[in-house]
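Spelled out from the first residue to the last, the chains are:
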Amino acid sequence: MTRETGRAAARTMHLSLKAGERVFINGAVVRVDRKVALELMNDATFLLEGHVLQAEEATTPLRQLYFAAQTMLITPAQAGPARTLYARIEEGILAATTEPVIREGLATAHTLVEAGRAFEALKLIRGLYPAEANLLGAGQPLPEVPPAALVPPTRSGSRRRSPPRARPALSSDKA
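Owing to the predicted nature of the structure, the values given are computational and were not obtained by experimental measurement.

Observations concerning the packing of helix α1 (residues 61-74) against helix α4 (residues 118-127)
- For the pair α1 and α4, interaxial distance at closest approach is 9 Å and the crossing angle is 165°. Considering their axes alone, α1 and α4 lie roughly antiparallel with respect to each other. The chirality of how α1 crosses α4 is left-handed. Contacts between α1 and α4 involve Leu-62, Leu-65, Tyr-66, Ala-69, Gln-70 and Leu-73 from the first element and Ala-118, Phe-119, Leu-122, Ile-125 and Arg-126 from the second.
- Here the contact of α1 with α4 is built from residues that sort into 9 nonpolar, 1 polar and 1 charged.

Topic: helix α3 (residues 100-114)
- With 15 residues, α3 ought to run about 21 Å at 1.5 Å a step, and its terminal C-alpha atoms sit 21 Å apart, in line with that.
- Contact partners of the buried residues in α3: α1, α2 (79-96), α4 and α5 (129-136).
- Where α3 ends, the next residue or the one after it, Gly-116, has phi of about 80°, a positive value.

Some details on the packing of aromatic side chains
- In this structure the tally under the stated criterion is 2 aromatic pairs.
- Here the guanidinium or amino end of Arg-63 rests over the ring plane of Tyr-129, the centre of that ring lying 4.2 Å away.

Side note on the sheet that holds strand β7 (residues 46-48)
- Here we have 3 strands laid out as an open sheet, ordered β5-β4-β7, and antiparallel in their pairing. This sheet does not close on itself; its edge strands, each paired only once, are β5 (28-31) and β7. If you compare each strand with its neighbour and ignore which way they point, the axes differ by 20° on average.

Quick word on the confidence of the model for the protein
- Considering every residue of the protein, the mean pLDDT works out to 78; 73% of them sit at 70 or more.
- Across the protein, element-level confidence peaks in α3 with a mean pLDDT of 96 and bottoms out in strand β1 (residues 2-4) with 36.
- The low-confidence segment residues 1-9 (pLDDT under 50) makes 13 contacts with residues lying over four places distant or belonging to another chain.
- Here residues 142-175 is modelled with pLDDT under 50, and outside its nearest four sequence neighbours on either side it reaches 24 contacts, counting other chains as well.

Let's talk about the side chain of Glu-90
- Residue placement: Glu-90 occurs in helix α2.
- For the buried Glu-90, which has no salt bridge, the nearest side chain bearing the opposite charge is Arg-83, at an N-O separation of 9.3 Å.
- Of the polar contacts made by the side chain of Glu-90, one reaches the side chain of His-110; its length is 3.1 Å.
- Among residues more than four places away in sequence, those in contact with Glu-90 are Leu-65, Leu-106 and His-110.

Description of the pattern of salt bridges
- On inspection of all chains with the given rule, the structure shows 4 salt bridges.
- For the salt bridge of Glu-49 with Arg-22, the shortest nitrogen-to-oxygen distance reads 3.1 Å. Taken together, the residues span a long stretch of sequence, with Glu-49 in the loop between β7 and α1 and Arg-22 in strand β4 (residues 22-25) at a distance of 27 residues.

As for the packing of α2 against α3
- For the pair α2 and α3, the least separation of the axes is 11 Å and the interaxial angle reads 165°. Between α2 and α3, the interaxial angle falls into the category roughly antiparallel. Seen along the crossing, α2 lies across α3 with a hand that is left-handed. On α3, the residues touching Arg-83, Tyr-86, Glu-90, Ile-93 and Leu-94 of α2 are Ile-102, Arg-103, Leu-106, Ala-109, His-110, Val-113 and Glu-114.
- Of the residues that constitute the contact of α2 with α3, the class distribution is 7 nonpolar, 1 polar and 4 charged.

Rules behind the numbers
Sequence positions are assigned chain by chain, starting from 1 and proceeding in written order. Confidence filtering applies because this is a predicted model: local features only for residues at pLDDT of at least 70, side-chain atom pairs given and counted only at 80 or more, and all residues used for totals across whole chains, interfaces and linings. Heavy atoms from the whole structure form the basis of all side-chain values; hydrogens and water molecules are not counted. In this analysis, axes come from line fits to C-alpha atoms, helices being fitted only over the stretch in contact, and the angle between any two N-to-C directions falls in the range 0 to 180 degrees. Helix and strand labels come from DSSP, where a helix needs a run of H or I of at least four residues and a strand needs a run of E of at least two; each type is numbered from the N terminus. Throughout, the term roughly parallel applies to angles under 35 degrees, roughly antiparallel to angles over 145, roughly perpendicular to angles from 65 to 115, and oblique to all others. Left-handed describes a crossing whose near helix is turned anticlockwise from the far helix through less than a right angle; right-handed describes the clockwise counterpart. The criterion used for residue contact is that any of the two residues' heavy atoms lie within 4.5 Å. In this classification, the charged set is Asp, Glu, Lys and Arg, the nonpolar set is Ala, Val, Leu, Ile, Met, Phe, Trp, Tyr, Cys and Pro, and all remaining amino acids, among them Gly, are polar. To estimate the expected span of a helix, count its residues, drop one, and scale the result by 1.5 Å. Within 6.5 Å between ring centres, the rings of Phe, Tyr and Trp (the latter by its six-membered ring) count as paired, and their orientation is classed by plane angle as stacked under 30 degrees, edge-to-face over 60, tilted in between. In this analysis the charged atom, NZ for Lys or CZ for Arg, is taken to sit over a ring once it is within 6 Å of the ring centre and within 35 degrees of the ring normal. In this description, strands pair whenever DSSP reports at least two bridges between them. As a per-residue measure, pLDDT tells how confident the predictor is, with possible values from 0 to 100. Think of it in three bands: residues with accessible area under 20% of the maximum for their type are buried, residues over 50% are exposed, and the middle band is partly exposed, with areas taken using a 1.4 Å probe on protein chains only. We score Asp and Glu as negative and Lys and Arg as positive, and we do not count His or the chain ends. A pairing counts as a salt bridge when a side-chain nitrogen of Lys or Arg comes within 4 Å of a carboxyl oxygen of Asp or Glu. Think of a polar contact as two N or O atoms within 3.5 Å of one another; within protein, one of them needs to be a possible hydrogen donor and the other a possible acceptor, and neighboring residues in sequence only count if both atoms come from side chains.

Okay, here's the thing in structure tokens:
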């Protein structure tokens, strides 16, 4: 949002957060303990918790691209590797589709990312999800696990395993 002042146009952004909600601002994670309104008085990069995509949710090419752009925004220390990953995923999507809406959207998103405007690129990429769903066939199941390239490199130790699947009860198992 833009607010005009008497002397010059000053850009401010108003954020309303609920109790317990998080926001990522310039790489810092901020959690509020009660309902609060924040006013960012200068140019800052931020992402609301509701727009954060978890690695395990990056199950389609555009969601993987979103995850890479999101990493540039909320983890500035990983921006270089995230930018490389973004470029690889973008290249793969462009090689796989001739869909004009997606190709044009990716061109615009690329320009935004290169200009350091990852927030706007994220919004644009989210807007391409319906077109991607049409191409992939909405009725088809999506993979359960994202590619290993999307697991943040800062994690250490072994990865958690999925809980064992419940087996059907046999008549002899009933008490």
